[in-house]
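Spelled out, the chains give:
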Amino acid sequence: QVQLAEFGGGSVQAGGSLRLACQAPGRTFSSVAMGWFRQAPGKEREFVAEITRGGNSYYVDAVKGRFTISRDNAQNTVHLQMNSLKPEDTAVYYCAIRTGLKYDYWGQGTQVTVSS
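Just so you know, these numbers come straight off a predicted model, no measurement behind them.

Enquirer: Which parts of the structure should I look at to understand the packing of aromatic side chains?
Expert: Note on aromatic pairs: each is described by the distance of the centres and the angle between the planes. The tally for this structure, following the rule as stated, stands at four aromatic pairs. Judged by centre distance (6.0 Å) and plane angle (50°), the ring pair of Y103 and W106 falls under tilted. Owing to a relative accessible area of 15%, Y103 belongs among the buried residues under this scheme. Among the aromatic residues, ring-to-ring pairing joins F37, F47, Y103 and W106 into one connected group. Sitting over the ring of W106, R45 keeps its end group 3.8 Å from the ring centre.

Enquirer: Could you clarify how one ought to interpret the nonpolar core in this entry?
Expert: Nonpolar side chains in soluble globular proteins tend to end up buried together. Ranked by internal contacts, the top residues of the largest apolar core, which has 28 residues, are W36, L80, M82 and Y93. When contributions to this core are tallied by element, the ones reaching two or more residues are β3 (18-23), β4 (33-39), β5 (46-51), β7 (67-72), β8 (77-82), β9 (91-98) and β11 (110-115). Ranked by residues supplied to this core, first place goes to β9 with four residues.

Enquirer: In this structure, what is going on with the pairing of strand β10 (residues 103-106)? I would like to understand it.
Expert: Both faces of the sheet carry side chains from a regular strand, because those side chains alternate between them. The pairing of β9 with β10 spans three bridges and is classified as antiparallel. Paired with R98 across the strands is Y103, a residue of β10. Two successive antiparallel strands, β9 and β10, enclose a turn made up of four residues.

Enquirer: Quick question: what am I supposed to make of the pattern of salt bridges here?
Expert: Pairs can form between side chains of opposite charge whenever their charged atoms are close. For the coordinates displayed, the defined rule picks out five salt bridges. Its salt-bridge partner being R38, residue E46 comes within 2.6 Å of it at the nearest N-O pair. You can call E46 partly exposed: its relative accessible area is 33%. Salt bridges linked by common partners bring R38, E46, R66 and D89 together as one network.

Enquirer: Would you mind showing me how to read the state of the cysteines here?
Expert: By definition, a disulfide links the sulfur atoms of two cysteines through a covalent bond. Under the definition given, this model contains one disulfide. There is a disulfide in this structure between C22 and C95, and the S-S distance comes to 1.9 Å. Where C22 bonds to C95 through sulfur, the torsion about that S-S bond is close to 50°, and the disulfide is right-handed. In this pair, C22 is assigned in strand β3 and C95 in strand β9, connecting sequence segments 73 residues apart. Given the relative accessible area of 0%, C95 is considered buried.

Cut-offs used in this document
Residues numbered from 1 in each chain as written. Predicted model: local features only at pLDDT ≥ 70, side-chain atom pairs only at ≥ 80, totals over all residues. Heavy atoms only, no water. Phe/Tyr/Trp six-rings, centres within 6.5 Å; stacked < 30°, edge-to-face > 60°. Buried < 20%, exposed > 50% of the residue type's maximum accessible area, 1.4 Å probe, protein only. Lys NZ or Arg CZ within 6 Å of the ring centre and 35° of its normal. Core = buried A, V, L, I, M, F, W, Y, C linked by side-chain atoms within 4.5 Å. Helix = DSSP H or I, 4+ residues; strand = E, 2+ residues; numbered from the N terminus. Pairing = 2+ DSSP bridges. Salt bridge = Lys/Arg side-chain N within 4 Å of Asp/Glu carboxyl O. Disulfide = S-S within 2.5 Å.

So this is what it looks like as structure tokens:
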């Protein structure tokens, strides 16, 4: 069982920034894609960003230009830098590992609250 640990959630005013971190165990971290998802109250979980093992990144349109995903393979850590936060970014944010075509392992989530 792979356990992911997320850090960095909190409360911030609109326009502010937060930096999320997710640490994944194991020696194969550099060989997997890592992603961030979020789930707002009453809504389904949605894709936010992914970084492949080769370092290519992808974002949902709603966060392009505001969020940046990065990875540190030496530390087995993936970050999500979130700038210019909006109230609609309020959600529980999850990190996940993709070993094949789908995400196999998930963290417990960290709450991000943006007030107007």
